[in-house]
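Listed here are the chains, written in short residue letters.
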Amino acid sequence: AQSVTQPDIHITVSEGASLELRCNYSYGATPYLFWYVQSPGQGLQLLLKYFSGDTLVQGIKGFEAEFKRSQSSFNLRKPSVHWSDAAEYFCVVLGAAGNKLTFGGGTRVLVKP
Amino acid sequence: DAGVTQSPTHLIKTRGQQVTLRCSPKSGHDTVSWYQQALGQGPQFIFQYYEEEERQRGNFPDRFSGHQFPNYSSELNVNALLLGDSALYLCASREGFTSTDTQYFGPGTRLTVL
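These numbers come from a predicted model, not from an experiment.

**Student:** In this structure, what is going on with the overall build of chain B? I would like to understand it.
**Tutor:** Summing up its helical and strand segments, chain B has zero helices and eleven strands in all. In sequence order, the secondary structure elements of chain B are arranged as β-β-β-β-β-β-β-β-β-β-β. For 114 residues, the compact-globule formula gives about 13 Å, and the C-alpha radius of gyration of chain B, at 13 Å, lands near that figure. Projected onto its principal axes, the C-alpha coordinates of chain B cover approximately 40 × 25 × 25 Å. Here chain B holds 114 residues, and 52% of them are scored as buried.

What follows is the structure, encoded as structure tokens:
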């Protein structure tokens, strides 16, 4: 069975500082990996996805993530955080085509002015 | 092009009642999934519909049932509501059952059970 762990429930970061959100997955083969963001009152929005190839993937809003097979990790990063980045972030795994999405518990990001 | 839409936005029910939530997928999408997001948690997969049939089901009781119509829209029905059913219910759609294409999510329906 596939699973996703996001170790940090809350992260507070100052505006302009860098941000890194951790994600560890469990799956027998190379999974399809996603990061979604959920802002208050808005639906889940896809930030980026990894299927294969280059292990560093670029997404929208200046986010990037790195897939590390040896560590079963897919951490999300942003060099300089904006106040609008305050939201809940979910790491998601798709084990195989047609399967369900499995979400981590989420990391809530607070941005200090 | 409208994205995934859901109705109603909010709903308040009492224990034991039944509820129906509705979802219209993004244009061109034929596969619809439903997720339950309890407060402070990540979404949990309920079930997935394709070609008007339930194709996969998560760990939810039979009180949760669904339907997909020929126009690909979908309904989620919950019978004998419990307090624990209070959650945000999300609908997601994509094109193709075996596809790995991005799933697009609707804004959700907030269900409160009193």
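**Student:** Help me understand the packing of aromatic side chains, please; the structure alone is not making it clear to me.
**Tutor:** Ring pairs (aromatic) are described by centroid distance and by the angle formed between their planes. The tally for this structure, following the rule as stated, stands at 16 aromatic pairs over all chains. Centre to centre, the rings of tyrosine 50 of chain A and phenylalanine 67 of chain A are 4.5 Å apart; their planes meet at 20°, and the pair counts as stacked. On the criterion of sequence distance, the pair formed by tyrosine 50 of chain A in strand 6 (residues 44-50) and phenylalanine 67 of chain A in strand 8 (residues 64-68) is long-range, its members being 17 residues apart. Phenylalanine 67 of chain A carries the same exposure label as tyrosine 50 of chain A, and that label is buried. Centre to centre, the rings of phenylalanine 90 of chain A and phenylalanine 103 of chain A are 5.9 Å apart; their planes meet at 80°, and the pair counts as edge-to-face. Of this pair, phenylalanine 90 of chain A sits in strand 10 (residues 87-94) while phenylalanine 103 of chain A sits in strand 11 (residues 101-103), and the two are 13 residues apart along the sequence. Judged by relative accessible area, phenylalanine 90 of chain A falls into the buried class, the value being 0%. Three or more aromatic residues joined by ring pairs form one cluster here, namely Tyr32, Phe34, Tyr36, Phe51, Phe90 and Phe103 of chain A together with Tyr35, Phe45 and Phe105 of chain B. Above the ring of tyrosine 104 of chain B, the side-chain terminus of lysine 26 of chain B is found at 5.1 Å from the ring centroid.

**Student:** So what exactly am I meant to see when it comes to the state of the cysteines here?
**Tutor:** What is meant by a disulfide is a covalent connection between two cysteines, made through their sulfur atoms. Evaluation of the coordinates by the stated rule reveals two disulfides over all chains. Paired through a disulfide, cysteine 23 of chain A and cysteine 91 of chain A show a sulfur-sulfur distance of 2.0 Å. The S-S bond linking cysteine 23 of chain A to cysteine 91 of chain A shows a torsion near -65°; that makes this disulfide left-handed. Taken as a pair, cysteine 23 of chain A in the loop between strand 3 (19-21) and strand 4 (24-26) and cysteine 91 of chain A in strand 10 lie far apart in primary sequence, 68 residues in all. Note on cysteine 23 of chain A: relative accessible area 0%, which makes it buried. Owing to a relative accessible area of 0%, cysteine 91 of chain A belongs among the buried residues under this scheme. Between the sulfur of cysteine 23 of chain B and that of cysteine 91 of chain B lies a disulfide, 1.8 Å long from S to S. Because the sign of the S-S torsion sets the handedness, a value of about -60° for the bond joining cysteine 23 of chain B and cysteine 91 of chain B places this disulfide among the left-handed ones.

**Student:** It is not clear to me how the sheet that holds strand 8 (residues 74-78) of chain B should be interpreted in this structure. Could you clarify?
**Tutor:** Within a sheet, neighbouring strands are paired by backbone hydrogen bonds and run either parallel or antiparallel to one another. All names here are of chain B. Pairing is antiparallel across the open sheet formed by four strands, whose spatial order is 1-3-8-7. The sheet terminates laterally at strand 1 (5-7) and strand 7 (64-68), the two strands that pair on one side only. Averaged over all pairs of adjacent strands, the angle between strand axes in this sheet comes to 20°, irrespective of strand direction. Two elements, strand 7 and strand 8, share five bridges in a ladder whose sense is antiparallel. Looking at the pairing, glycine 66 lines up with leucine 76 of strand 8.

**Student:** Honestly, the nonpolar core in this entry has me stumped. Any pointers?
**Tutor:** Soluble globular proteins tend to pack their nonpolar side chains together in the buried interior. Trp35, Leu48, Phe74, Leu76 and Tyr89 of chain A are the most contacted members of the largest nonpolar core, which has 26 residues in total. The set of elements that each furnish at least two residues to this core consists of strand 2 (10-14), strand 3, strand 5 (32-38), strand 6, strand 8, strand 9 (73-78), strand 10 and strand 12 (107-112) of chain A. Looking at this core element by element, the count peaks at four residues for strand 10 of chain A. Cys23, Val32, Phe47 and Tyr89 of chain B belong to the second-largest nonpolar core, a separate cluster that totals 20 residues.

**Student:** Would you explain the interface of chain B and chain A in this entry?
**Tutor:** Note on interface size: it is often stated as the accessible area lost on association of the parts. The interface is formed by 21 residues belonging to chain B together with 19 residues belonging to chain A. Here chain B meets chain A over a buried area of about 1,500 Å², counting both sides, of which 56% is carbon and sulfur. When residues of chain B are sorted by the area they lose upon contact with chain A, Thr100, Thr102 and Phe105 of chain B head the list and together hold 35% of the total. Taken together, chain B and chain A are joined by zero salt bridges. At the boundary of chain B with chain A, the tally comes to four residue pairs in polar contact (both at pLDDT 80 or more). When contributions to the side of chain B that touches chain A are tallied by element, the ones reaching two or more residues are strand 4 (31-37), strand 5 (44-50) and strand 9 (87-94) of chain B. In terms of residue count, strand 9 of chain B provides more of the side of chain B that touches chain A than any other element does, three residues in total. For the side of chain B that touches chain A, the residue count by class is eight nonpolar, twelve polar and one charged.

About the cut-offs
- Residues numbered from 1 in each chain as written.
- Chains lettered and ligands numbered in written order.
- Predicted model: local features only at pLDDT ≥ 70, side-chain atom pairs only at ≥ 80, totals over all residues.
- Heavy atoms only, no water.
- Helix = DSSP H or I, 4+ residues; strand = E, 2+ residues; numbered from the N terminus.
- Rg over C-alpha atoms; globule rule 2.2 N^0.38 Å.
- Buried < 20%, exposed > 50% of the residue type's maximum accessible area, 1.4 Å probe, protein only.
- Phe/Tyr/Trp six-rings, centres within 6.5 Å; stacked < 30°, edge-to-face > 60°.
- Lys NZ or Arg CZ within 6 Å of the ring centre and 35° of its normal.
- Disulfide = S-S within 2.5 Å.
- Pairing = 2+ DSSP bridges.
- Axes fitted to C-alpha atoms, helices over the stretch in contact; angles between N-to-C directions.
- Core = buried A, V, L, I, M, F, W, Y, C linked by side-chain atoms within 4.5 Å.
- Contact = heavy atoms within 4.5 Å.
- Buried area = accessible area lost by both parts, 1.4 Å probe.
- Salt bridge = Lys/Arg side-chain N within 4 Å of Asp/Glu carboxyl O.
- Polar contact = N/O pair within 3.5 Å; in protein donor to acceptor, adjacent residues only side chain to side chain.
- Nonpolar A, V, L, I, M, F, W, Y, C, P; charged D, E, K, R; others polar.

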